[in-house]
Each structure stands twice: as structure tokens, then as C-alpha cells.
Amino acid sequence: MIEIEGLSKRFGAKPVLDHVSFTAEDGKVTGFLGPNGAGKSTTMRAALGLIAPDSGRALIDGRPFAEHRAPLRTVGAVLDAKSAHKGRSAYAHLLSIALTNGIPKRRVDEVMDLTGIAAVKTRKAGAFSLGMSQRLSIAAALLGDPHNLVLDEPINGLDPEGVKWVRDLCRYYAAQGRAVLLSSHLMSEVALTADNLVIIGQGRILETTTVADFVAEHSTRSLRVITPEPEKLRAIFAHAPEVTVTPITRETGDPQEGAAFRITGADLGAAACVFAAAQLVTYLFVQEHASLEEAYMTLTHTSAEYLGRSMSGATQSAQPAQSKEVQQ
Amino acid sequence: MSRGAHAAHANRNARSARSAGNTRTRRQPQQTWNVPAPNTGDGGRAGGYGTHATFAAPRLTFLNALRAEICKALSLKSTYVLLIINALLLPVGSALMAWAMAFLMSLDPATGTTTDDPQPVAESYMWGSASAFVPTCLLVTGILGVMAVTVEYSSSTIQSSLTANPRRVMFLNAKTLVTAALAFVSSLVGLLLAWAAAYALLSPVGMTPLADGEHALPWVSILGGALLLTAMAVLGVGLGGVCRSTMGGVFALVGLLIIAPSALSMASLAGDRFAWLQSVARCLPDQAASNVLTAGVDVVVSSSSTNVSIDVGSADAIAETTVAATPETSGLFEPTWWQSGLILLAWVVVAYAIGAIVVRRSDVK
């Protein structure tokens, strides 16, 4: 279990963490989500004693990390994809870490097999691609068969197989009653893997919830309709207060004629029957899920520090139009 | 489709049979990313990502930290390069000094031509030659020490190192001990070779034995030289800890060993009012080391990291083994050789203490 209690930290004048508190429970994968520069890495480093917080504390299994007798048995951490010295062989890198805690050589071979880097055992870490380096970092984290996993963006640079492997790894560790803290800036990835969700922005915890609750709350279903008869459409739902009809902008690929609306609060089948009965002409009639990514973006947009400028310049909207990127 | 399902089923059966069969230590067939990870619904089946190897409970101890540091040091090319440079530079320097002296001794001072009957050299000169390049090599072992720390920071290995061993002072102590041991062995090998080289070149010329009161010289030249170089490696670790960047650490080292002595000696020439700066200069590591190496014997070996010079013009002076630049100005601090040793020790202790404090307190980003 990883308990973060009121961590605050400034780098110079810049506050990086502002009273960050949350718990990564045993038996759960805790997704730690936030835009770049939100303080995810700083929090994880503070939890491992790499960064001394100005106030607050972090406990791993009830004690500060430095007080554990076998640190690698307590926490396996992936903090940086490129964690090995360029001129050192992958094997020597892992062996040096293992030796620190008295872990035998055969465990080094074992984790190299597990992460699929056994074939490049003697190659210098500097010759590794980002994905291979990431695997090496994960291998180092698994050396002590730890009770807690702290993974800072572990899927960066991994191929789809690797991404799936990391997902299974997290699930497996959680199923064994261990705590997994997984940071990411991708909502879709966390939604697939995590049980609990901690969302951070500009050093503050924005929301602490479970993935299930977050999905229930944010993935409301809606209907998107394009019709040449907007008045008729409004009339149909005029006396149904639970249904809202809002005009929206057309998406790429939509029919160019007619007006576009989003209808929330109406069931697909019921709406279809009513439209048929009312003889409403529609050019487009689809059901949509609001994307989790979109909900997350809305939540963190105001606190995102490093925003890229929109390429087209035309789209001023904060929410990207690809709402069909739903992953459930 | 159905064939695939059958295969999967058979596979599962095989697995459960195996896990039911025996629980002793076994190695799974090579597991790669493509092998499906153990199902979480498998009900606590042993294995998966956990270890199959049975081993004593892992534990962080100083001895384990030491073994890790040995592994780290010996798996980097830069370590070998520096150790070899150190072990080769010492005999090369010694050979140069001894050869030059052998050549001078073979000259007839009256005619300037070579004679077949060279004058014998004082044995102290041989020991002086053997340790002649110790002040130069201070830079090499110093860099070894600096880099022992800074490669960790420049490659972000420090994160995994401190995650495996969050006790930073223990981490630094282990690193220092390994670095010091490597520096000592390489220096000792280098100095023994240097002695051999000096002996080989000077014995044909003939040597007058050591005078009374000079008998510490062999020990100080060889063992003391190796210890001086080792001390510099520890000082380097301290500087590396303070700077935590290779550039910064090496520059600090160069400043301490080369720039500061030159600057002080130049400034002290500005006038009598600044003569006291020479006293300060004598407390700097390179001059302290040079003074230790004399073991109180006036050996004409003027060598420091700044200038390794043999005054060819004054062969007579060298033959009489007098120190060319004995300070005439009185009132200057003139430490004895063992006082210089203590000064150097103070440098090492202070630099290491500051380095350890900085490493302990600084954030690893």
C-alpha cells in the first residue's frame, strides 16, 4: 500500500505539488492521470524518497521507503525509460541492482526472460531502442518480486504486444493483493487497466474516484441527429423536460444539408419510434458515447500547463472532435 | 477457429497439470511478451511474474551494496581506461626522469661529451623518479573518483541505484570504498612498474646508497604514492558528490589541482605583500602531495601537475641533489612532509563530508 499524505513541493518559486494526498490500495491498480508537468513523476519520486517534499510524507506499507530492509522487495519502480548507463550491458545493469539487495543472479536471468530481453543480454543499454529500454526498466522493477509497483508511464515506446503485457502485469500484481500505482497521460490506457483513478493537474488532486464511477458519470449516451426539419424535432421533445436538444456543429463526413443536434436523455429505440410516428426526415441518426478522454480533457484542460497550439487554427474548441475514440 | 480453441484448452490443461504436479523450483519455458500472461482469474497460481527461484530473503546490507558497486565499476569502460592510464603514466614518467638523469650523468661536465665512466647517482633520485608522476596522476585518480559519482547522475542510473538502496550515505560509502580500492591497486601496480623502470635505467650508471634519515623514502615513494593517489580518488568522489555533473566535477578538480596553484604562484610574484600566498599554495593538494613524496629528503625532482621539468642546464646542481627553489623568504609556512600529509587528509575528509551531505540532501529529479 502506498499512502501519500499532504505532499507539497516547490522547485524554486514554482509550486510543483500542492497538498497531494491519495492512497494506492493493496489489490488495486491505481491509475495516476494528469497532463505533462502535472506532478505525477514528482509525486512518485517523493514516494520513493528521491525527492524530499517540503511538507507531507509518503508511506509504503506503513513506513517511509528508506526504512525498509529490502527496498527491492518492497517497491519495484519504473521511473524513467532510459534508466541504464549507455555503456553498461543490460545484464550488468540488472545484476548491479540485484546485488544491492542480495538477489541472486538467476533472478536476473528470470526477469530478462519475462520481459523478453534475454536475447540482448550482453548488448550495451545505449544501443537499446526506447521500447527495449522500457522493457529493461520494467525488468529492473520486477527483480525483487515486489509488493508494490510504481510505474511512471511504463507503456511509452512499447509496441502493442508490450502495452498488453504491461496491462496484464498490472492486473496480475493487483490480483495477488499487491498495490500498483500506474501513471499515464492517456485516459484510455488507464481506463483499461486501473480500478481506482487519481487525476492530478498543476500539482493538485482534481479528482479521486474509481474507474467505474468515472465511466458511469462521464460516458453519458446521446443521439446525434441531422434533420432538415429542426422545428419538427424540437416540437417532438418540447414537452419532455428530461430530454435536451442542443444544436451542434457538423462533423467531418456528415451530410452537408440539414441541421445537426445532440439529444441527451432519450432512448435510442423510443426516439426512433417517435421519429417514425412523426414522420421526421433524418439524414443521420446515431448513438454516441461521450468519450472518457473528452471528460478527462475537460477536467484537466484548465490545469494543463503545456498546451500545444491547434494546428488548423480554425478549431477553437478545447474538446477535440474525435469523440468516437471511445474505448470501453 | 475450433481448432484454436482446442489448442488453447489443451494448453490450459497441460498447465494446470504441471502446476498441480509439483511445486518445486522450476523454470518455465522461455517467456516472452507474446506468451499470454497468467490469467488473473487463475486463483493464485504460483509463478507468473514472481520468482521461481528460491533464495534467501533479499536484504540491503553494506556488503551487498559493496558488491553492487564492484559490479557497476567493473562494467564500465571508463573505469578501465582511467585505471590503465594511471598504471601506465606512472612508469612512463619514471622512465623519462631516470633516462634523463642517466644521460646527464654520462656527460663529462668539463667537455660536454659523453664519458664511459658516469658518476653514480644518489639512490634517493631513483625513488624520486619512481614517484615523479604521482602529482600528475592525481588528476587521473581524481577524475576516477569524480566519475564514479557523476556517471550515476548523468545517466539517471541514480534513480534505480537509490531505489534499490535508499540509504544514500551507505550508497556513497560503498562506492567510495570500491573506487579507492581500484585506485590503490592501479597506483600500486603503476608505482612498482615505475620503480622497476627507474632501477633498470639507473643501475647501469651506478647508485650511492641511501643516507641515514632517508630510509623512509622507498616506502613513501611506493606505498605513500599509492595512498596519495587513493586519497585523491576519495577527494574526487567528494567533488563529484558536490557537483553531481561530470563537467562540473572535473572542472572543480582541474581548478584545484592546476588552476589554483598557478594562479596563486603568479599572484605571489606580484610583490612581497603577496608572498604569503605561497603559504596558501603549499596547502593545496598537489603541493601537499609533492611535499609528502619527498619524505623530508631533498630530492631534485620538480614535478607537479603543472610542470614536469628537468633543468637540463644545471646538471651539477642536480647531481648535488639540492632543491633548486628553496624559498629564501622567511616567515612562510613550510610544512614538513608528514604535515603535508595531514593537510591532504583534511582536504579529503572535508571534500568527502560535503559531498556526502549534498548527495544525501539533494533531490534526484
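Please read all numbers here as calculations on a predicted model, not as lab measurements. (Residues numbered from 1 in each chain as written. Chains lettered and ligands numbered in written order. Predicted model: local features only at pLDDT ≥ 70, side-chain atom pairs only at ≥ 80, totals over all residues.)

## Here we look at the overall build of chain B
Here is the rule we go by: Here a helix means four or more residues in a row that DSSP labels H or I, a strand means two or more in a row labelled E, and each is numbered from the N terminus. Around each residue's C-beta, the other C-beta atoms within 10 Å are counted; 20 or more make the residue buried, 12 or fewer make it exposed, and counts in between make it partly exposed. All C-beta atoms are placed from the backbone. Here the contact rule is simple: place C-beta atoms from the backbone, and any two residues whose C-beta atoms are within 7 Å are in contact.
On a plain count of helices and strands, chain B comes out with 13 helices and 2 strands. Relative to its full complement of 365 residues, chain B shows a buried share of 44%. Within chain B, contacts between residues at least 6 apart in sequence are counted, and of these 85% link residues at least 24 apart.

## Regarding the domain arrangement of chain A
Using the following cut-off: Domain limits in this description derive from either an automatic procedure or a database domain assignment.
Taken domain by domain, chain A comprises domain 1 (2-209) and domain 2 (220-289). Once you take the C-alpha centre of each, domain 1 of chain A and domain 2 of chain A turn out to be 46 Å apart.

## Quick notes on the sheet that holds strand S10 (residues 221-227) of chain A
Residue and element names in this part refer to chain A. Heads up, the rule is: Strands are labelled as partners when DSSP assigns at least two bridges between them. Here the axes come from fitting lines to C-alpha atoms, over the contacting stretch only for helices, and the angles between their N-to-C directions go from 0 to 180 degrees.
Spatial ordering of the open sheet is given by S11-S12-S10-S13, a layout of 4 strands whose pairing is antiparallel. Here the strands that pair on one side only, and so sit at the sheet edges, are strand S11 (244-247) and strand S13 (284-289). On average, adjacent strands in this sheet sit at an angle of 25° to one another, irrespective of strand direction. Bridge count between S10 and S13: 6 bridges; the pairing is antiparallel. Bridged to valine 225 within S13 is phenylalanine 285.

## Details of the packing of helix H9 (residues 246-268) of chain B against helix H11 (residues 285-294) of chain B
Residues and elements named next belong to chain B. Note the cut-off: Any angle between 65 and 115 degrees counts as roughly perpendicular, while under 35 counts as roughly parallel, over 145 as roughly antiparallel, and the rest as oblique. Residues are sorted three ways: Asp, Glu, Lys and Arg are charged, Ala, Val, Leu, Ile, Met, Phe, Trp, Tyr, Cys and Pro are nonpolar, and all the rest, Gly among them, are polar.
The interhelical angle for the contact between H9 and H11, taken along N-to-C directions, is 95°, at an axis separation of 8 Å. One way to sum up the angle between H9 and H11 is to call them roughly perpendicular. Facing Leu256, Leu257 and Pro261 of H9, the residues of H11 in contact are Pro285, Asp286 and Gln287. Its residues placed into classes, the contact of H9 with H11 shows 4 nonpolar, 1 polar and 1 charged.

## Examining the sheet that holds strand S8 (residues 196-201) of chain A
Sheet strands associate in pairs through backbone hydrogen bonding, adopting either a parallel or an antiparallel arrangement. Residue and element names in this part refer to chain A. Across the sheet, which stays open at both edges, the 6 strands sit in the order S5-S6-S7-S3-S8-S9 with mixed pairing between neighbours. The two strands at the open ends of the sheet, each matched to only one other strand, are strand S5 (75-78) and strand S9 (204-210). Direction aside, neighbouring strands of the sheet carry axes that sit 15° apart on average. The pairing of strand S6 (residues 148-152) with strand S7 (residues 179-184) spans 5 bridges and is parallel. Bridging across to S7, asparagine 148 finds its partner in alanine 179. In the packing of helix H1 (residues 40-47) onto the sheet, the strands contacted are strand S3 (29-33), S6, S7 and S8, and the crossing angle to S6 comes to about 150°.

## So, the interface of chain B and chain A
Taken residue by residue, the interface counts 44 residues in chain B and 54 residues in chain A. Broken down by secondary-structure element, the contributors of at least two residues to the side of chain B that touches chain A are helix H2 (62-74) and helix H6 (157-164) of chain B. Looking at the side of chain B that touches chain A residue by residue, the class counts come to 18 nonpolar, 19 polar and 7 charged.

## Comments concerning helix H3 (residues 90-100) of chain A
Within H3 of chain A, 11 of the 11 residues are buried, which leaves the element mostly enclosed by the surrounding structure. Taken as a whole, H3 of chain A has its buried residues at Ala90, Tyr91, Ala92, His93, Leu94, Leu95, Ser96, Ile97, Ala98, Leu99 and Thr100 of chain A.

## Considerations on the UniProt feature "transmembrane region" (unreviewed entry) in chain B
Residues and elements named next belong to chain B. To be explicit about the condition: UniProt positions are given in the numbering used here, feature names are shortened, and annotations may be inferred rather than shown by experiment.
The sites that UniProt annotates as "transmembrane region" (unreviewed entry) are residues 80-105, 125-151, 177-202, 222-243, 250-270 and 337-359. Within residues 177-202, the helical portion is 100% and the strand portion 0%, while the C-alpha atoms at the span's ends are 37 Å from each other. Helix and strand shares over residues 222-243 are 100% and 0% respectively, and the end C-alpha atoms of the span are 31 Å apart.

## What to know about the packing of helix H7 (residues 168-202) of chain B against helix H13 (residues 337-361) of chain B
A pair of packed helices is captured by two measures, namely the crossing angle of their axes and the spacing between those axes. Residue and element names in this part refer to chain B. Selection rule: Here a crossing is taken to be left-handed if its near helix is turned anticlockwise relative to the far helix by less than a right angle, and right-handed if that turn runs clockwise.
The N-to-C vectors of H7 and H13 enclose an angle of 135°; their axes lie 9 Å apart at closest approach. With respect to H13, the axis of H7 lies oblique. For the pair H7 and H13, the crossing hand works out as right-handed. Of the residues in H13, those touching H7 at Arg168, Val169 and Leu172 are Ala356, Val359 and Arg360.

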